[in-house]
Amino acid sequence: MNFRFAIPHSLGQAVKAAASDWLDNKKVARFWKKDPTLWTSDGEEKWLGWIDIVERQQKDAASHAALAQDVKAAGFKSALLLGMGGSSLCPEVLAETFGTQPGFPALHIVDSTDPAQVKAARERLNLTETLVIVASKSGSTLEPNILKQYFFAEMEKAVGKDKAGSHCLAITDPGSKMEQVAKADGFRHIFYGDPEIGGRYSALSNFGVVAATVAGLDTPRLLAEAAKGVAQAKLPSAENPAVQLGLLLGTGANAGRDKITIFTSPEIHDLGAWLEQLIAESTGKLGKGITPVDREAIAAPEIYGNDRIFAYVKLQGTRDSSLDARVAALEAAGHPVAYFEIADRYEIFGQLFTWEVATAVAGSVMGINPFNQPDVESAKIETRALTSKYEETGKLPVRDAILTDGGIRLYAAPTYAARLKETATGSSLAGYIKAHLDQIHEGDYFAVLAFLPMFPQNEAAIQTFRHRIRDTKRVATCLGFGPRFLHSTGQDYKGGPNTGVFLQITADHAVDVSIPGQKYSFGIVIDAQAAGDLAVLESRGRRALRVHLGADIAAGLKTLTAAVESALGA
């Protein structure tokens, strides 16, 4: 791995001061001794099991080899991983980066409760040739539990009740409810997580390594590359890419450069999705935060404000090196840029460790605990309350729309709705969208929170108006699909600085999927999650507007895009 940091003088002096502090106070050595005083002394040492996980995994090579042999011998054609956040994002990176390996199953991920997305996953797979991986650290997370209920019932239909368990594997912490369920259902294997590793730091634990092994990756090789990242992270800070990156991120955030924009070579594009969770969930709390910006196309330097840091992770020999000149232009314009170059795809595992350490270092510089996530639970509590209400009454609470136009309904908290009504140019969708976008100010960011199927056509439509807003308002923009972002960037959106302007998008369900053993369906769950998320954003005084599209998502997104264009003066 090659690395270089381009830091403008205005920020460089503060970074140098932070580096001197780490050197003078022997903080690299203290980090490796799990010293909680590097952060807030709030029990951080209990969450540092990840710093020596690579060495422990290397000692467990025999079990990885046995798993690979078993999966290959069984002849599974597909592996379906059910999880959320840290349990699913690293496996998604592996599936997107490495594809299918000869003789091993293709790895698929379901991390959504959207019924259309769940249904599409079911229809895509022949369950008689599929290994289902249920990944849940706590074993109590709603989404993997109900996904397990659905797909296990489907597996029983496909192969019979006596054989369904042999098509399933669990990854969970010892003593969890999921461990009990897996044993009761006769799962083929159970692999354990480390209770001292939080979900977003679990990529190099069994949550990532077991998925990699099932998919046929060279596990000793990937751990060897991760070990190189570990070795570099133990070097003195002047030679240490992880510590230098963390000092840049933390110092930049303290100085107002609190958005990190991620660019990668196309072959490793999904790395950004994993980085989003790691950075946002670790740093977005107590009114502070580093907001990650992923899948935002690169633009000319003048489009960007002074609130950004850029990271460019390049794969040598990439099929598209056009980013080189454009990122260089950002550096030339005085923006800070962190450059990383990896020789092959397996070096991505060294990157995972490098960024984990960097995020922990940034948290130290920012004076926060990077290992807790106090605001993630808030949305979960709201969702549980709403689904419980549904089980009691058979319906979810109904809110009154503040505007209905052409089949699209708008919702907002009373105070914010009054502000929009006062500033809107008319009682139309475009008028209210303009009023909402006019709330964006310098230093803010705009985020789309789409509780829709994460299908390419939906993402493409939203990306179109996302970039129009970026280019017109000249602010950072984000796009997250619900409910997966709730376990990722949602922590920063609720617990970080009040600099976000949010557009939540929901829709009616053209299809729904029932959940065995539950009164509620997947459609009810995702509706409750959207409502819970909006309620928490509103309770935190966030500028949030919900747009409900109706049942025809494509038509609704087209109408919404036209309204955005009109609002921006197209």
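This structure is a prediction, so every number in the text was calculated from the model and none was measured. (Residues numbered from 1 in each chain as written. Predicted model: local features only at pLDDT ≥ 70, side-chain atom pairs only at ≥ 80, totals over all residues. Heavy atoms only, no water.)

**Quick notes on the pairing of strand 7 (residues 259-264)**
Remark: a regular strand shows side chains that alternate across the two faces of the sheet. Short version of the rule: Buried, partly exposed and exposed residues are distinguished by accessible area as a fraction of the type maximum, computed with a 1.4 Å probe on protein chains only: under 20%, between the cut-offs, and over 50%, respectively. Strands here mean DSSP runs of E at least two residues long; helices mean DSSP runs of H or I at least four residues long; both are numbered from the N terminus. Only when DSSP finds a minimum of two bridges between them are two strands counted as paired. Look down the strands so they point away from you; if the path from the first strand over the helix to the second goes clockwise, the crossover is right-handed.
Of all six residues making up strand 7, six are buried, and the element is well covered by its neighbours. Side chains of strand 7 alternate between two faces, with Lys259, Thr261 and Phe263 and Ile260, Ile262 and Thr264 buried alike. Where strand 7 meets strand 8 (residues 291-293), three bridges bridge the pair, whose relative direction is parallel. Its bridge partner lying in strand 8, threonine 261 is registered against valine 293. Handedness of the β-α-β unit built from strand 7, helix 12 (residues 271-283) and strand 8 comes out right-handed. Bridge count between strand 7 and strand 9 (residues 308-315): six bridges; the pairing is parallel. The residue of strand 9 that forms the bridge with phenylalanine 263 is tyrosine 312.

**What about the packing of aromatic side chains?**
Stated formally: Each Phe, Tyr or Trp ring (for Trp, its six-membered ring) is paired with any other whose centre lies within 6.5 Å, and the angle between the two planes then decides the class: stacked below 30 degrees, edge-to-face above 60, tilted in between. Think of it as a cone above the ring: NZ of Lys or CZ of Arg counts as a charge over the ring if it is within 6 Å of the ring centre and within 35 degrees of the ring normal.
Counted under the stated rule, the structure contains 26 aromatic pairs. Grouping aromatic residues by their ring pairs yields a cluster made of Phe31, Trp32, Trp39, Trp50, Tyr201, Phe353 and Phe371. For lysine 148, the ring lying beneath its charged end belongs to phenylalanine 152, and the centroid distance is 4.3 Å. We note arginine 546 situated over the ring of tyrosine 411; from NZ or CZ to the ring centre the distance is 4.3 Å.

**Topic: the packing of helix 15 (residues 376-393) against helix 20 (residues 522-539)**
Here is the rule: Note on method: axes are straight lines fitted to C-alpha atoms, helices fitted across the in-contact stretch only, with angles between N-to-C directions ranging 0 to 180 degrees. What sets the label is the angle itself: under 35 degrees gives roughly parallel, over 145 gives roughly antiparallel, 65 to 115 gives roughly perpendicular, and the rest give oblique. Take the far helix as your reference; a near helix turned counterclockwise from it by less than a right angle gives a left-handed crossing, and one turned clockwise gives a right-handed crossing. Contact between two residues is taken to exist if any of their heavy atoms lie within 4.5 Å; hydrogens are not considered. Under this grouping Gly is polar, as are all residues other than the nonpolar Ala, Val, Leu, Ile, Met, Phe, Trp, Tyr, Cys and Pro and the charged Asp, Glu, Lys and Arg.
Look at helix 15 against helix 20: their axes get within 8 Å of each other, and the N-to-C directions meet at 135°. As summarised for this structure, helix 15 and helix 20 are arranged oblique, according to the angle between their axes. For the crossing formed where helix 15 meets helix 20, the hand is right-handed. Touching Ser378, Ala379, Glu382, Thr383, Leu386, Thr387 and Tyr390 of helix 15 are Ile524, Ala528, Gln529, Ala531, Gly532, Ala535 and Val536, all from helix 20. Looking at the contact of helix 15 with helix 20 residue by residue, the class counts come to eight nonpolar, five polar and one charged.

**Some remarks on empty space enclosed by the protein**
Selection criterion: Each cavity reported here is a set of points on a 1 Å grid over the protein atoms alone in which a 1.4 Å probe fits but cannot get out, each pocket an open set with protein on both sides within 12 Å along at least five of seven lines, and each lining residue one with an atom within 4 Å of a point. Grid points are joined across faces, edges and corners, and a volume is the space filled by probe spheres set on the points.
Evaluation of the coordinates by the stated rule reveals two cavities of 30 Å³ or more. Taken as a whole, the largest cavity spans an internal volume of roughly 220 Å³. Forming the walls of the largest cavity are 18 residues, and the residues nearest its centre are Glu276, Leu479, Gly480, Phe481 and Arg484. Those elements giving two or more residues to the lining of the largest cavity turn out to be helix 12, helix 18 (456-473) and strand 14 (476-481). The residue makeup of the lining of the largest cavity, split by class, is six nonpolar, five polar and seven charged. Quantified by volume, the second largest cavity comes out at close to 30 Å³. In terms of lining residues, the second largest cavity is bounded by Asp111, Ser112, Gln117, Leu452, Met454, Phe481, Gly482, Pro483 and Arg484. Of the residues that constitute the lining of the second largest cavity, the class distribution is four nonpolar, three polar and two charged.

**Details of the layout of surface pockets**
Estimated volume of the largest pocket: approximately 1100 Å³. Class assignment for the residues of the lining of the largest pocket results in 15 nonpolar, 20 polar and ten charged.

**Considerations on the packing of helix 11 (residues 241-254) against helix 14 (residues 348-366)**
If you want to describe how two helices pack, look at the angle between their axes and the distance between the axes. The N-to-C vectors of helix 11 and helix 14 enclose an angle of 40°; their axes lie 7 Å apart at closest approach. With respect to their mutual orientation, helix 11 and helix 14 come out oblique. In this structure, helix 11 crosses over helix 14, and the sense of that crossing is right-handed. Contacts between helix 11 and helix 14 pair Pro241, Ala242, Val243, Leu245, Gly246, Leu247, Leu249, Gly250, Thr251, Ala253 and Asn254 from the former with Thr354, Trp355, Val357, Ala358, Val361, Ala362, Val365 and Met366 from the latter. Of the residues contributing to the contact of helix 11 with helix 14, the split by class is 14 nonpolar, five polar and no charged.

The values reported here are purely geometric and, on their own, carry no functional implication.
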